[in-house]
Amino acid sequence: MSRVTKKASSVCTDSPLSMSEVCRKMTLMRQILTSCFGPNGRLKQVHNNVGGHVLTTSTSTSLLQAVSSSEPLLKLITASILNHLSRFSDCGLYTGILCFSLIDHVQKSGLRPSVAIKINKQLLEVCTSFLNQEDCGCKVNVDFNSCQSLMTLARSVISSKPACVLTEGEQQHISMLAVHAFLLTVPCGDTPGSPDRVRLGRTVTVSIEGQFVLDSAVFPGLLVNVPDMQLHPTDSERTRRGPGPFRLALFTVSLSGDLSEFGEGSLEVHCGAPDPEDLILDELLKLGEQAVTDQVEVFMCQRVIHPVLQHYLWRHGVLVVERLGIALIQPIVQMTGAQAVALYQTPIPPEAYGQVKGCCVRTVGSRKMLHLLPPGEPAPAVCTMVLCHRNDTMLNELKAACQRAEHVLRLTLRDPVALLGGGCTETHMAAYINNKGTTEAAEAAVSLGVSQSQYLLGLNGFCSSLETVALALEHDGGTGLVDLTYAHHWSVPQGEAIHSGTVLQGEGLQPGDGGEVPATCGCGLVERSGRPGPELEWTPLNTRYPLRPAPLVVGKDTTPQLRVLDSFTAKLNALQVAVEMANVVLDIRYVIQDVN
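Everything in this summary refers to the structure shown in the same document.

The rules behind the values
Residues numbered from 1 in each chain as written. Predicted model: local features only at pLDDT ≥ 70, side-chain atom pairs only at ≥ 80, totals over all residues. Heavy atoms only, no water. Salt bridge = Lys/Arg side-chain N within 4 Å of Asp/Glu carboxyl O. Helix = DSSP H or I, 4+ residues; strand = E, 2+ residues; numbered from the N terminus. Buried < 20%, exposed > 50% of the residue type's maximum accessible area, 1.4 Å probe, protein only. Phe/Tyr/Trp six-rings, centres within 6.5 Å; stacked < 30°, edge-to-face > 60°. Pairing = 2+ DSSP bridges. Axes fitted to C-alpha atoms, helices over the stretch in contact; angles between N-to-C directions. Contact = heavy atoms within 4.5 Å. Patch = residues over 30% accessible without salt bridge, like charges linked within 9 Å, V, L, I, M, F, W, Y side chains within 5 Å. Areas by Shrake-Rupley, 256 points an atom, 1.4 Å probe, with all protein chains shown as cover. Lys, Arg positive; Asp, Glu negative; His and termini not counted. Charge placed at Lys NZ, Arg CZ, Asp CG, Glu CD.

## Examining the pattern of salt bridges
Evaluated as defined, the whole model comprises 12 salt bridges. Note that Asp476 is salt-bridged to Arg42, the shortest N-O span being 2.6 Å. One end of the pair, Asp476, is in the loop between helix H15 (452–471) and strand E16 (479–483); the other, Arg42, is in the loop between helix H1 (20–36) and strand E2 (44–46), with 434 residues separating them in the sequence. A salt bridge links Arg390 to Glu170, with the shortest nitrogen-to-oxygen separation between them at 3.6 Å. Of this pair, Arg390 sits in the loop between strand E14 (382–389) and helix H12 (392–414) while Glu170 sits in helix H7 (residues 168–184), and the two are 220 residues apart along the sequence. Using a relative accessible area of 10% as the deciding quantity, one classes Glu170 as buried. Ionic contacts of the salt-bridge type, sharing partners, join the residues Arg30, Asp104 and Lys108 into one network.

## A few points about the packing of aromatic side chains
Tallying each qualifying case throughout the model produces 3 aromatic pairs. Seen in terms of ring centroids, Phe130 and Tyr432 are 4.1 Å apart; in terms of plane orientation they differ by 20°. Their pairing is stacked. Within this pair, whereas Phe130 is found in helix H5 (residues 113–131), its partner Tyr432 is found in helix H13 (residues 424–439), the two being separated by 302 residues in sequence. Looking at Phe130, the relative accessible area reads 4%, which means it is buried. The interplanar angle of 75° and the centroid separation of 5.5 Å between the aromatic rings of Trp490 and Trp538 together place this pair among those described as edge-to-face. Note that Trp490 is positioned in strand E17 (residues 489–492) and Trp538 in strand E19 (residues 537–540), a separation of 48 residues in sequence. The residues Trp490 and Trp538 share a single accessibility class, namely buried.

## With respect to the sheet that holds strand E9 (residues 296–301)
Here we have 4 strands laid out as an open sheet, ordered E10-E9-E8-E11, and mixed in their pairing. The sheet terminates laterally at strand E10 (319–321) and strand E11 (354–356), the two strands that pair on one side only. Across the sheet, the mean angle separating the axes of adjacent strands is 30° when strand polarity is ignored. Where strand E8 (residues 246–251) and E9 come together, 5 bridges link them in parallel fashion. Within E9, the residue paired with Arg247 across the bridge is Val296. Sheet strands touched by helix H11 (residues 329–336): E8, E9 and E11. Its angle to E8, the strand with the most contacts, is close to 150°.

## Some points on the pairing of strand E15 (residues 417–420)
By the bridge criterion, 3 bridges tie strand E4 (residues 139–141) to E15 in an arrangement that is antiparallel. Each bridged residue has a counterpart across the sheet, and for Val140 the counterpart in E15 is Ala418. With 3 bridges connecting them, E15 and strand E20 (residues 565–567) associate as antiparallel partners. Bridge pairing links Leu420 to Leu565 in E20.

## Some points on a negative patch on the surface
On the surface, Asp258, Glu277, Asp278 and Asp282 cluster together into a negatively charged patch. Mapped onto the fold, Asp258 is located in the loop between E8 and helix H9 (276–293). Taking relative accessible area as the criterion, Asp258 reaches 41% and is therefore assigned partly exposed.

## With respect to the pairing of E14
Note on strand geometry: in a regular strand, side chains alternate between the two faces of the sheet. Among the 8 residues that make up E14, 8 are buried, leaving the element largely enclosed by the rest of the structure. The alternating pattern of E14 places Val382, Thr384, Val386 and Cys388 and Cys383, Met385, Leu387 and His389 on opposite faces, both of which are buried. Inspection of the sheet shows strand E5 (residues 202–209) paired to E14 by 8 bridges, in the parallel sense. In the strand pairing of E14, Arg202 is matched with Val382. Direction of pairing for strand E6 (residues 217–220) relative to E14: antiparallel, over a ladder of 4 bridges. Bridged to Ala217 within E14 is Val386.

Pasting the structure below:
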């Protein structure tokens, strides 16, 4: 009997977006992502109802991996966001908010999905073309002769993670460390043998709980955790010797001498034959003799080293480190040029040895760590970032934020430009598209095979979705405005009268509702006062003011200090993923589920 019960037929759902339960789940997911967005985003706690680990985060990667859903459409959107994050590390929340907003506007507008898909595709091409223009008003150049733009990029990523719980000074310190680590891993010259290619180094992160954030630091080379029991008295003398380079041997095979390392099976030992463990120990001692003969001064193993072999190496002045773990093998290989040896029954080939410039024992918090200094060029630089924080939750968020910041900085090597942050790119781009689309509505409608009213309806939904992303940055009851001169985003706190400029009243904003307009826009590029030209005028976001002009391009040599920058490469891909995934969801007519 192959089955206890008869196999049930698959369930086919027609027009899933028309079902109230599906819409409710998608609205809930959109609210979760929106409430996490930006530096003032709200934290989420994810836990299992039977106990276990409690996750506190506002990071899209951690949140989407921890939250499960039975709804196929949500699984599809979540998978696309996580795939984007696996490649670019940033703009995950942006992708989700924009995708859900596009779907929501199509449903509310009454546009047929097929019409909305064609309009979205055309407007996505307009956005992509606009962002790739040399004179795009949303882009700024990343100057590698100065660390300022790199610092702003790193700080924008780190400050957008409120679960890190950092003060202004701590944010500045961690941002400086992220830039320092990034610069250490960028080689000064071309890769030997491949002059047209650059081989980047690696940053290894060490987390220390219970220390002050300002105790965090970056060290060139590798810090290896070495328990006190592994530090032989001769090691202190060994680490005080003169400058290297020192020869290093690295093993990934266990050197413990245990027979269990050979796998399962039976072992027959004839009467009078030598003990197998003695034979293995002889092989290990031969390995040690070769290491001493070849003047190896640092002997490292991923697993366990037999105590007799350790004592032999220590007696000959060799620094021994065991139980490295698999995570450190590749960084050591990359830094030292060593080849990881996976056998001890054969002699060590000469090309398997690596080099370190020097080594010393450092005390980092409550740990004693062995500091291996890199041999220098032409080997790729490897550095260690030591991150400290008060508890484990904050430390995990800080570690993830620094890794994302490093990835964002690396993306600038390919495209040395950045986009304005603080919602200004979204409002500027929405104003550009709205102006261009309104002007060319008749021609665009004919080319897409839709009516002009349908095109304008789709255009309005697309622009509103972009502005919704900027509105998601506000979580404290304030008002989002856009100025009519440059189309930048201005976040107005709640509860104070406006002292300068003119706010044109519109839907969602009544007299007395707005607070004081800040001195600069969201990205910091446009100042409220002290600039040439007429006084700025603003209108609330997601209102279509009839006299809004085409946004002016702000020059790259302006004096205001940029406060927030976003990764150009990550946000451009996020925009494409959001629009394409919204189109895929809108195009789904049937969902077929196997319920067995």
